[in-house]
Amino acid sequence: MNDVAQDFEKLLGEMRPRLHRYCARMTGSVVDGEDIVQDTLVKAFAARASFDGLDNPQAWLYRIAHNASLDFLRHRARTPVMEDEGELATLASPEVPDPEIAATCLRSFMRLPALQRSAVILKDVLGHSLGEAALITASSEPAVKSALQRGRERLRVVAGESVEPAPPGIDGAVSARLLAYVEGFKTGDFDTVRAMLADDVRLELVTKLRRNGKSEVGEYFGAYAIAVQWVFSPAVVDGRAAMLVFDRNVSLDAPAYFVALEFAGDHVVGIRDFLYARYAMDGVEIRAIA
């Protein structure tokens, strides 16, 4: 591997958590955010010939992530994607980052139009300059500055509301299957867990590997079967069935990471394990299941 290729791989590894902070807030979900990050890395790899000689390779990656996020939002039709720059440019906005914004609930960002959302995330969460934000979003600097002001004002209004809309949940049937799955981890009954797998189950150990099919995925449970440090609990993460994993050597109050699960009928059809992608815990919204 030559020096340019090594620098490219290093950049992708270093930027992945920051890209996830951006994409999770653009999509309102740490799981959807990871999908956008993976799409971004695939597109960046396909365009890697452009990497050598870039003045600002970080901004180049964010631009790819920004466009991938907009594509996701258009496909889901969740919010208006862009705003009129002429109207936005009539507003003024201070350039000092607002430190309270970084702690805002991910779903609250979804109540902003995309340009406002992007400007607030880039400036107040990730610490970019207005010029960098303009470059990433392909907007004028006055428009980004004004979008930042409007986005901040809207988030303050949202924060002041007495009741935040509840996150989506899971139905009773899925909840029952989730409880059975997690119970297998708690008791070490991995034969029962493997029996829950669909023949075409998909596994992603995020950032590390993918496996398909019941026989390949069944091997994944071996490491959990012999580990003694983990404690497991069922939960809803970003509206999805999930298993929280606690490290007994660190904390039994705050989960170390989570495993997102997808069920179809009585079977597990998808497993996304964030053991090696703990950056996804930043901003995650969790609702425990008793």
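Shown above is the structure to which this text applies.
A few points on the structure. Residue positions are given per chain, counting from 1 as you read along its sequence in written order. pLDDT decides what is reported in this predicted model: residues at 70 or higher carry local features, side-chain atom pairs at 80 or more are listed and counted, and totals for whole chains, interfaces and linings draw on all residues regardless. Excluded from the side-chain calculations are hydrogens and water; all other atoms, namely the structure's heavy atoms, are used.

## Considering the side chain of D238
As a reminder of what qualifies: Counting from the N terminus, the helices are DSSP H or I runs at least four residues long and the strands are E runs at least two residues long. Exposure is judged per residue with a 1.4 Å probe applied to protein chains only, and the accessible area is read against the type maximum: over 50% gives exposed, under 20% gives buried, and values in between give partly exposed. For this count, His and the chain ends are skipped, Lys and Arg are scored as positive, and Asp and Glu as negative. A pair is scored as a salt bridge if a Lys or Arg side-chain nitrogen falls within 4 Å of a carboxyl oxygen belonging to Asp or Glu. Contacts described as polar in this section are N or O atom pairs within 3.5 Å, which, within protein, must combine one atom able to donate a hydrogen with one able to accept it, while residues neighboring in sequence count only if both atoms come from side chains. In this description, contact between two residues means that some pair of their heavy atoms is separated by no more than 4.5 Å.
Among the structural elements, D238 can be located in the loop between β3 (230–237) and β4 (240–247). Here D238 sits buried without a salt bridge, and the closest side chain of opposite charge, R240, lies 4.9 Å off (N-O distance). Within the local environment of D238, its side chain forms a polar contact with the backbone nitrogen of V30, the two atoms lying 2.6 Å apart. Sequence-distant contacts of D238, that is, excluding residues within four places in its chain, are made with S29, V30, V31 and E285.

## A look at the pairing of strand β6 (residues 267–273)
A regular strand carries its side chains on alternate faces of the sheet. Rule in force here: Note on pairing: DSSP must find at least two bridges between two strands before they are called paired.
The buried count for β6 comes to 6 of 7 residues, which makes it a mostly enclosed element. Sheet analysis places strand β5 (residues 257–264) next to β6, joined by 6 bridges and oriented antiparallel. Bridging from a neighbouring strand, A260 pairs with R272 of β6. Here β5 hands over to β6 after 2 residues, with G265 in that stretch at a positive phi of 60°.

## Overview of unusual backbone geometry
Positioned with a positive phi, T207 is a non-glycine residue whose angle comes to about 80°. Examined against the element boundaries, T207 turns out to sit in the loop between β1 (197–205) and β2 (209–212). Residue D238 is not a glycine yet carries a positive backbone phi of 50°. By relative accessible area, D238 is classed as buried at 15%.

## Description of the sheet that holds β1
Strands in a sheet are paired, the pairing made by backbone hydrogen bonds, and the direction either parallel or antiparallel. How we decide: Lines fitted to C-alpha atoms define the axes here, with helix axes fitted over just the stretch in contact, and angles between the N-to-C directions of these axes take values from 0 to 180 degrees.
With mixed pairing, 7 strands are arranged side by side in an open sheet as β2-β1-β6-β5-β4-β3-β7. Each edge of the sheet is formed by a strand with only one pairing partner; in this case those strands are β2 and β7 (286–288). Shown here is a sheet whose adjacent strand axes are inclined to one another by a mean of 25°, direction ignored. Against the sheet, helix α2 (residues 30–46) makes contact with β1, β2, β3, β4, β5 and β6, and its axis sits at roughly 70° relative to β6, the strand it touches most. Here helix α9 (residues 172–187) sits on the sheet and contacts β3, β4, β5 and β6; the angle it forms with β3, its principal contact strand, is near 170°.

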